[in-house]
Amino acid sequence: MDLKLKGKTALVCASSKGLGRACALSLAREGVHVTMLARGSEALEAAAAEIRAEVAATGATITTVACDITTPEGRALALAACPAPDILVTNAGGPKPGDFRDWTRDDWIAAVDANMLTPIELIKATVDGMIARRFGRIVNITSSAVRAPIDILGLSNGARSGLTGFVAGLSRKTVAHNVTINNLLPGPFETDRLRSTATGAAQESGRTVDEVLAERRKLNPSGRFGDPAEFGDACAYLCSAQAGFITGQNLLMDGGAYPGTF
């Protein structure tokens, strides 16, 4: 399917690794000019080089900006490089797990700042231009914990749920201008982050990382973890011309782990 995105521009946050990188790649395959953002310049440049090599035939260009998107300075750098994106993919690492009794006000402010207010600031900076051009696609990478909260991820549950509530209202106002806003909710995907959490669990339990991962795969109804490429392609579809009637939605990608309702 031609997603009719060739020549569009995209700003993709936290895209040097994992799910953000997968989104950048899937968009670039469609001929989108992608600006990739991440804190670490070395990993960012390596990812960009790999994507450039893969999408050379599409005409897509890949620009990189090493910055901390959760800061005003970082957002200024990102928007200077891509001031009028047609597509915005927001993404930021989740806050630390733990017991809410141990979290200070500063912990809560940091979580809300990174996982709620930063996406809102980026939307604020770009949505009016999208409305004026009568095309815009905003995708927020949140978490399956928004639908099925995890007790030790209270900081993430709270901040990301706040973003979800905000998007639910705004997305109903922008869709008349062909600007959609949706959220992608990942469950367990084969990423460095998943392996790092498995490493911690292995150390605590005296098992190997592979044993922990095998057990977690079995616990998922699909019997596996998600492939980041699947996530990236879902993001690209939500950004497509064909997805203009989808807005304010939370697409859960977790292999069926959350039963939900029917």
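Residues numbered from 1 in each chain as written. Predicted model: local features only at pLDDT ≥ 70, side-chain atom pairs only at ≥ 80, totals over all residues. Heavy atoms only, no water.

Looking at an unreviewed UniProt entry, one finds the protein named 3-oxoacyl-[acyl-carrier protein] reductase, with Herbaspirillum frisingense as its source organism. Recorded in UniProt under Sequence similarities (unreviewed entry), the annotation for the protein is "Belongs to the short-chain dehydrogenases/reductases (SDR) family." (UniProt positions renumbered as here; feature names shortened; annotations may be inferred.)

A. Main features of the sheet that holds strand β6 (residues 179-186). Across the sheet, which stays open at both edges, the seven strands sit in the order β3-β2-β1-β4-β5-β6-β7 with parallel pairing between neighbours. Edge positions in the sheet fall to β3 (62-66) and β7 (250-253), since each of these pairs with one other strand and no more. Mean inter-strand twist for the sheet, computed between neighbouring axes without regard to direction, equals 15°. Inspection of the sheet shows strand β2 (residues 33-38) paired to β3 by five bridges, in the parallel sense. When the bridges of β3 are listed, L37 appears paired with V65. Across the face of the sheet, helix α3 (residues 72-81) comes into contact with β1 (9-12), β2 and β3 while running at roughly 165° to β3. Of the strands in this sheet, β5 (136-141), β6 and β7 touch helix α5 (residues 154-174), which is tilted by about 155° from β6. (Pairing = 2+ DSSP bridges. Helix = DSSP H or I, 4+ residues; strand = E, 2+ residues; numbered from the N terminus. Axes fitted to C-alpha atoms, helices over the stretch in contact; angles between N-to-C directions. Contact = heavy atoms within 4.5 Å.)

B. Structural detail: the packing of helix α1 (residues 18-29) against helix α2 (residues 41-54). At their nearest, the axes of α1 and α2 sit 10 Å apart, and the two run at 25° to each other. As judged from the angle between their axes, α1 and α2 are roughly parallel. Every pair of crossing elements has a handedness; the one defined by α1 and α2 is right-handed. Residues R21, A24, L25, A28 and R29 of α1 lie in contact with α2, whose contacting residues are A47, E50, I51 and E54. Residue classes in the contact of α1 with α2 are distributed as five nonpolar, no polar and four charged. (Parallel < 35°, antiparallel > 145°, perpendicular 65-115°, else oblique. Left-handed = near helix turned anticlockwise from the far one by under 90°. Nonpolar A, V, L, I, M, F, W, Y, C, P; charged D, E, K, R; others polar.)

C. Summary view of the packing of helix α6 (residues 192-205) against helix α7 (residues 209-219). Interaxial distance between α6 and α7 falls to 8 Å at its minimum, and their mutual angle equals 110°. Considered as vectors, α6 and α7 are oriented roughly perpendicular to each other. Where α6 crosses over α7, the handedness of that crossing is right-handed. Each of L194, R195, T197, A198, T199, A201, A202 and S205 in α6 lies in contact with α7, whose residues at this interface are V209, D210, V212, L213 and R216.

D. A look at the environment of A202. In this structure, A202 sits in helix α6. Residue classification places A202 among the buried positions, given a relative accessible area of 5%. On a C-alpha basis, the gap between A202 and V212 in space is 6.2 Å, while along the polypeptide they are 10 residues apart. Leave out the neighbours within four places in its chain, and A202 touches R207, T208, V209 and V212. (Buried < 20%, exposed > 50% of the residue type's maximum accessible area, 1.4 Å probe, protein only.)

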